[in-house]
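Examination of the molecular architecture
Okay, here's what each chain looks like letter by letter:
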Amino acid sequence: MYKGKFITIEGSEGAGKSTNIQYIQDYLQAKNIDFIATREPGGTPIAEKIRDLLLDKKNTSLCEDTELLLMFAARSQHLNELIIPALEAGKWVLSDRFTDATYAYQGGGRGLAKNKISQLEQWVQGDLRPDATILLDIPVELGMERVRNRGETDRFEEEQMSFFKRIRDTYLQLAKDNPQRFHIINTEPAIDEVYQQLKLVLDQLTQND
Ligand code: TMP
């Protein structure tokens, strides 16, 4: 539909999103691909305000449905203000998380019905889906160890291990259900090995550009 590709990066906590996103950005730059890098929830000033609400540890009484609706409110703003205009302008869009995170966290983690999420997905996105999704995968215990070593945690990172296990299982199930779109990268090995896996995926995605 668009000239540029819409690529999303997903993963459970501590899977190494920041370093790997930096690698992807450097790769696209070296290939002279015109792209924007953004994130969810957030990506525009209004959506970043919604992000603050969602991640603030003080918001202990935030209802699960409110959380879900806020994710899609932020997404709607992000799509209309940033993602769709960029794709229309022929740019690639690299988003640190998107709707798969809602299926994983609000669906798998919180246990909200999948059809609530798919209805909102249809409403907010119409037919727009990522062209490719890179899932950074790591065993939950290892990922959470990395998060704790980082220090400061947000509202989601305060959850129990079982919450993150459900999130990882949901991501892996989404990858199984959408094998064309998903590329799973195991981030357990040393960073150079992870970059090698990532490079193979990026070579494939940029093949015709
Ligand atoms: P980040 O830590 O990757 O920046 O993401 C912020 C948190 O928001 C992370 O814990 C995952 C969570 N999240 C959801 O729960 N649902 C969503 O739809 C998105 C995009 C993120």
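Our subject is the structure listed above.
What comes next concerns the included structure.

Conventions used here
Residues numbered from 1 in each chain as written. Predicted model: local features only at pLDDT ≥ 70, side-chain atom pairs only at ≥ 80, totals over all residues. Heavy atoms only, no water. Near = heavy atom within 4 Å. Polar contact = N/O pair within 3.5 Å; in protein donor to acceptor, adjacent residues only side chain to side chain. Areas by Shrake-Rupley, 256 points an atom, 1.4 Å probe, with all protein chains shown as cover. Helix = DSSP H or I, 4+ residues; strand = E, 2+ residues; numbered from the N terminus. Nonpolar A, V, L, I, M, F, W, Y, C, P; charged D, E, K, R; others polar. Salt bridge = Lys/Arg side-chain N within 4 Å of Asp/Glu carboxyl O. Buried < 20%, exposed > 50% of the residue type's maximum accessible area, 1.4 Å probe, protein only. Contact = heavy atoms within 4.5 Å. Phe/Tyr/Trp six-rings, centres within 6.5 Å; stacked < 30°, edge-to-face > 60°. Pairing = 2+ DSSP bridges. Axes fitted to C-alpha atoms, helices over the stretch in contact; angles between N-to-C directions.

1. Observations concerning the site of the ligand
- Taken together, 14 residues lie near the ligand, and Lys17, Arg51, Arg97, Thr102 and Gln106 sit nearest.
- Within the side chain of Arg75, a nitrogen or oxygen atom sits 3.1 Å from an oxygen atom of the ligand.
- Look at the ligand: alone it shows 470 Å² of surface, and the protein chains cover 94% of it.
- At the level of secondary structure, the elements contributing two or more residues to the shell around the ligand comprise helix H2 (45–55), helix H3 (64–88) and helix H4 (99–109).
- It is H4 that provides the largest number of residues to the shell around the ligand, a total of 4 residues.
- A breakdown of the residues in the shell around the ligand according to their chemical character gives 6 nonpolar, 2 polar and 6 charged.

2. Digging into the pattern of salt bridges
- The full count for this structure, using the stated rule, is 17 salt bridges.
- Two residues, Lys116 and Asp65, come together in a salt bridge whose shortest N-O distance is 3.1 Å. Placement of the pair is Lys116 in helix H5 (residues 114–125) and Asp65 in helix H3, with a sequence separation of 51 residues.
- A relative accessible area of 36% means that Asp65 is categorised as partly exposed.
- Glu121 is paired through a salt bridge with Arg129; the nearest N and O atoms lie 3.4 Å apart.
- The exposure class assigned to Glu121 is buried, which follows from its relative accessible area of 11%.
- Judged by its relative accessible area of 30%, Arg129 falls in the partly exposed class.
- Shared partners join several salt bridges into a network, and the residues in it are Glu67, Arg110, Arg155 and Glu159.

3. Brief notes about H4
- The buried fraction of H4 amounts to 11 of the 11 residues, a majority that puts the element mostly inside the structure.
- If you check which residues of H4 are buried, you get Thr99, Asp100, Ala101, Thr102, Tyr103, Ala104, Tyr105, Gln106, Gly107, Gly108 and Gly109.
- Check the buried side of H4 and you find it contacts strand E1 (6–11), H3, H5, strand E4 (132–137), helix H7 (161–177) and strand E5 (182–186).
- Count one or two residues on from H4 and you reach Gly111, which has phi positive near 85°.

4. Section: the packing of aromatic side chains
- Under the counting rule described, the total for this entry stands at 5 aromatic pairs.
- Seen in terms of ring centroids, Phe6 and Phe98 are 4.9 Å apart; in terms of plane orientation they differ by 80°. Their pairing is edge-to-face. Taken together, the residues span a long stretch of sequence, with Phe6 in strand E1 and Phe98 in the loop between strand E3 (92–96) and H4 at a distance of 92 residues.
- A ring pair is formed by Tyr105 and Phe156, whose centres lie 5.8 Å apart and whose planes are at 85°; its orientation type is edge-to-face.

5. Points about the pairing of E4
- Burial runs high along E4: 6 of the 6 residues are buried.
- In E4, alternate side chains face the same way, and those of Ala132, Ile134 and Leu136 on one face and Thr133, Leu135 and Asp137 on the other are all buried.
- With 5 bridges connecting them, E1 and E4 associate as parallel partners. What sits directly across from Glu10, in E4, is Leu135.
- By the bridge criterion, 5 bridges tie E4 to E5 in an arrangement that is parallel. The residue bridging Thr133 from the neighbouring strand is Phe182, located in E5.

6. Observations regarding the sheet that holds E4
- Ordered by their spatial adjacency, 5 strands build an open sheet running E2-E3-E1-E4-E5, and the pairing between neighbours is parallel. Only two strands of the sheet have a single partner each, and these edge strands are strand E2 (35–39) and E5. Recorded for the sheet is a direction-independent mean angle of 20° between the axes of neighbouring strands.
- Contacting E1, E2, E3 and E4, helix H1 (residues 17–30) crosses the sheet at an angle of about 170° to E3.

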